Amino acid sequence: MGEEAHIRSARPDGPRYDAGYDDSKLDSYENLLLLCPTHHTLIDKNSGAGFSVAKLEEMKASHEQLVTESLGAGEESQRELLERMAALLLVWEQKMQLDQWESVTARLNQPIPILDDASYSRLIQAGAWLLKMRWPNRFPRTEQAFRNLHHVMADLLNHLQNCMESESGSVWRLRREYKNIGWDPDAHKTLFAEFQVERFCLYVLVIEATKAINWVIAEAAGEVDRFYRFDQGLILMRDGDGIFKTWMLRLEYDADELVGEAPAPHPGKNAIVDFIKEGVARDAHHFEGYDLAALVREVKAAL
């Protein structure tokens, strides 16, 4: 699997940055090259001084012409589709912050979940990108995995919007209304129970997002490129209290959750919230130490 290289950088301090270039095209096929890691490093060396936009566009056009001449019309079309899909996968990795997923999940899985403003903004952008994307029919299982991820991300972002509050304009923290009242045991009990529901629902949605990401990776490796993320592997989720204990989890959907022509393993936020509410109603600490990775199976069984 190659690496995605931008002909024009999206960063003002990046190689070949062009302030006049349309921002909406920065991650489009026309502004991308698929290169091996060595050549990716080479073209961006010294801020890209040795490889101008014109030179890279000429190299890309020359390569495409060579491939076109060596293939028939059908093979050429297939080649272009595979290249475009591979480029989209690499854009998706950046949008979803896959290289930072462990740190993002570590903060969201703390006893009092937090998220820095920059990471929150990028998650919102990733959700919007997933919403607008059209996936080629040539890769049906990958398309299903992306649709599932979109549903999970929509639920996760909706939950974050409803239960997080900004602190100092740079950090978002799970709202704790029970901390903002005077002496009122009944109100405190009610508000603490609401906090527990929001907290454990967030944990489960982060687990679901990790599973959904890994399903995309697995299907892309099966349909688009068998060597996709061959070296990097799947995405891990970091859990723990953020201070004394931390551990890594590899989370994937079970095989029986992905059977059928149109599997939809994510049950939806409402079903998750209802299940958690029932447990918290019996005991506000019901889900402390609970195997939350298995909770969605229980949610499905209860539907």
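Everything that follows concerns the structure shown earlier in this document.
So, a few notes on the structure that sits alongside this text. (Residues numbered from 1 in each chain as written. Predicted model: local features only at pLDDT ≥ 70, side-chain atom pairs only at ≥ 80, totals over all residues. Heavy atoms only, no water.)

1. Brief notes about the overall build of the protein chain
And then number 1: The helix and strand inventory of the protein chain stands at nine helices and seven strands.
And then number 2: With respect to the principal axes defined by its C-alpha atoms, the protein chain has extents near 75 × 45 × 30 Å.
And then number 3: Residue burial in the protein chain is summarised as follows: out of 303 residues, 44% are buried.
And then number 4: A separation threshold of at least 6 residues defines the contact pool for the protein chain, and within that pool the share at least 24 residues apart is 69%.
And then number 5: Surface exposure of the protein chain reaches about 16,000 Å², of which carbon and sulfur atoms provide 52%.
And then number 6: The positive charge centre, built from 34 side chains, and the negative charge centre, built from 49, are 1 Å apart in the protein chain. (Helix = DSSP H or I, 4+ residues; strand = E, 2+ residues; numbered from the N terminus. Buried < 20%, exposed > 50% of the residue type's maximum accessible area, 1.4 Å probe, protein only. Contact = heavy atoms within 4.5 Å. Areas by Shrake-Rupley, 256 points an atom, 1.4 Å probe, with all protein chains shown as cover. Lys, Arg positive; Asp, Glu negative; His and termini not counted. Charge placed at Lys NZ, Arg CZ, Asp CG, Glu CD.)

2. Some points on the pairing of strand E7 (residues 246–250)
And then number 1: Across five bridges, the pairing between strand E6 (residues 236–240) and E7 is antiparallel. In the sheet register, Arg238 faces E7, and the bridge partner there is Met248.
And then number 2: Linking E6 back to E7 in an antiparallel pair, the connection comprises five residues, with Gly242 at a positive phi of about 80°. (Pairing = 2+ DSSP bridges.)

3. What about the pattern of salt bridges?
And then number 1: Tallying each qualifying case throughout the model produces 14 salt bridges.
And then number 2: Between Arg229 and Glu93 there is a salt bridge, and its shortest N-O distance comes to 3.3 Å. Note that Arg229 is positioned in the loop between helix H7 (185–223) and E6 and Glu93 in helix H3 (residues 73–95), a separation of 136 residues in sequence. As far as burial versus exposure is concerned, Arg229 and Glu93 are alike and both buried.
And then number 3: Across the salt bridge formed by Arg297 and Asp254, the nearest N and O atoms sit 2.7 Å from each other. Of the two residues, Arg297 sits in helix H9 (residues 295–302) while Asp254 sits in the loop between E7 and helix H8 (269–282), which places them 43 residues apart along the sequence.
And then number 4: Using a relative accessible area of 38% as the deciding quantity, one classes Arg297 as partly exposed.
And then number 5: Through salt bridges with shared partners, a single ionic network connects Arg175, Glu177 and Glu198. (Salt bridge = Lys/Arg side-chain N within 4 Å of Asp/Glu carboxyl O.)

4. With respect to the packing of aromatic side chains
And then number 1: Taken as a whole and judged by the stated rule, the model has 13 aromatic pairs.
And then number 2: The structure contains a cluster of three or more aromatic residues connected by ring pairs, namely Phe200, Tyr203, Phe275, Phe287 and Tyr290.
And then number 3: Above the plane of the ring of Tyr21 lies Arg8, whose end atom (NZ or CZ) is 4.0 Å from the centre.
And then number 4: Above the plane of the ring of Phe51 lies Lys55, whose end atom (NZ or CZ) is 4.7 Å from the centre. (Phe/Tyr/Trp six-rings, centres within 6.5 Å; stacked < 30°, edge-to-face > 60°. Lys NZ or Arg CZ within 6 Å of the ring centre and 35° of its normal.)

These figures capture arrangement, not role.
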